Amino acid sequence: SHGVTNRFYVLKDTKTGKDANSPAAATVINESALFDATTTSYDKSGSGYYRTFATGEKAVNASITAQGRTYYGTNQPVVRSGQSCQANLGTARGYSLDPFTGTVRVTTYDGGGLPPSPITGIVTIENGGTSSKKVFCMSCGGDDEGGGSSLETRDLLNPVPKNVRRTYWYKK
């Protein structure tokens, strides 16, 4: 439906300590408390942020976060026309979101349709008696090269930001 505004939300969970389950810790987060990071980098204010999708675009699979980035896929259907007899799968996109800044890299997949959920993993590669581990992601968008199949696999080379810190410490 092209008349609905769809968004991707990132919420800050500030209640992560021992008191996280207490009724007093429960906080309702309204959209007015969120930053609009659709066209501007997240400034760390409020309770998180959202990114508004293009008209008619919808998230169509589960997201996954790996190596400091969040990956998800969308589909944007074509507006129907009574004059068209041709099948059209719409526009399929893969996003790579920096959860700390709200900025994205986008890949538009060839052929449209519904991209599969991204999958990450680690494989061990043996070569001449030495082994190395590779982190990979299948169906992860945002490769900055544009196009391609939503089933392509690529290395995850994103460094995790150095300024990430623990928000709580629980010691029994």
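Residues numbered from 1 in each chain as written. Predicted model: local features only at pLDDT ≥ 70, side-chain atom pairs only at ≥ 80, totals over all residues. Heavy atoms only, no water.

Trainee: Quick question: what am I supposed to make of the overall build of the protein here?
Mentor: Counting its secondary structure elements, the protein contains zero helices and eleven strands. The secondary structure elements of the protein, listed N-terminal to C-terminal, are β-β-β-β-β-β-β-β-β-β-β. Of all 172 residues assigned to the protein, the portion counted as buried reaches 30%. The long-range fraction of contacts in the protein, counting pairs at least 24 apart against all pairs at least 6 apart in sequence, stands at 48%. Only carbon and sulfur atoms are counted for the fraction: they give 51% of the accessible area of the protein, which is about 11,300 Å². (Helix = DSSP H or I, 4+ residues; strand = E, 2+ residues; numbered from the N terminus. Buried < 20%, exposed > 50% of the residue type's maximum accessible area, 1.4 Å probe, protein only. Contact = heavy atoms within 4.5 Å. Areas by Shrake-Rupley, 256 points an atom, 1.4 Å probe, with all protein chains shown as cover.)

Trainee: Even after reading the chapter, I still don't get the nonpolar core, so can you show me in this structure?
Mentor: Note on soluble globular proteins: their nonpolar side chains tend to be buried together. Of all hydrophobic cores here, the largest spans ten residues; its members are Phe8, Val10, Phe35, Ala37, Tyr42, Tyr49, Phe53, Tyr72, Tyr95 and Leu97. Put simply, the parts of the chain that give this core at least two residues each are strand E1 (7-11) and strand E7 (91-97). Setting aside chain neighbours within four positions, we find Ala37 in contact with Tyr42, Tyr49, Tyr50, Arg51 and Gly102. Core analysis: the next-biggest nonpolar cluster, separate from the first, contains five residues, Ala66, Tyr71, Cys137 and Leu156 among them. (Core = buried A, V, L, I, M, F, W, Y, C linked by side-chain atoms within 4.5 Å.)

Trainee: Help me understand the sheet that holds strand E3 (residues 48-52), please; the structure alone is not making it clear to me.
Mentor: Across a sheet, strands are paired by hydrogen bonds formed along the backbone, either parallel or antiparallel in direction. With mixed pairing, the three strands of this open sheet are ordered in space as E1-E3-E2. Among the strands making up the open sheet, the edge pair consists of E1 and strand E2 (35-36). Where E2 and E3 come together, two bridges link them in parallel fashion. Counted as the bridge partner of Asp36 is Tyr50 from E3. (Pairing = 2+ DSSP bridges.)

Trainee: Please explain the sheet that holds strand E10 (residues 130-138) as it appears in this structure.
Mentor: Taking strand neighbours across the sheet as the criterion, the three strands line up as E9-E10-E11 in an open arrangement whose pairing is antiparallel. Lying at the two open borders of the sheet, with one neighbouring strand each, are strand E9 (119-127) and strand E11 (153-155). Taking the axes of each pair of neighbouring strands and ignoring which way they run, one obtains an average angle of 40° across the sheet. In this sheet, E11 lies alongside E10 in antiparallel orientation, the contact comprising three bridges. When the bridges of E11 are listed, Met138 appears paired with Thr153. (Axes fitted to C-alpha atoms, helices over the stretch in contact; angles between N-to-C directions.)

Trainee: Would you take a moment to explain the packing of aromatic side chains for this structure?
Mentor: Two aromatic rings, taken as a pair, are described by how far apart their centres are and by the angle between their planes. In this structure the tally under the stated criterion is seven aromatic pairs. For the pair Tyr9 and Tyr50, a centre-to-centre distance of 6.0 Å together with 50° between the ring planes defines the contact as tilted. With a gap of 41 residues between them, Tyr9 in strand E1 and Tyr50 in strand E3 connect regions that are remote in the sequence. According to the relative accessible area criterion, Tyr9 is partly exposed, its value standing at 39%. For Tyr50, a relative accessible area of 11% corresponds to the buried category. Seen from their ring centres, Phe53 and Tyr95 are 6.1 Å apart, and the 40° between their planes marks the pair as tilted. Here Phe53, found in the loop between E3 and strand E4 (58-59), pairs with Tyr95, found in strand E7; they are 42 residues apart in sequence, far enough to count as distant. (Phe/Tyr/Trp six-rings, centres within 6.5 Å; stacked < 30°, edge-to-face > 60°.)

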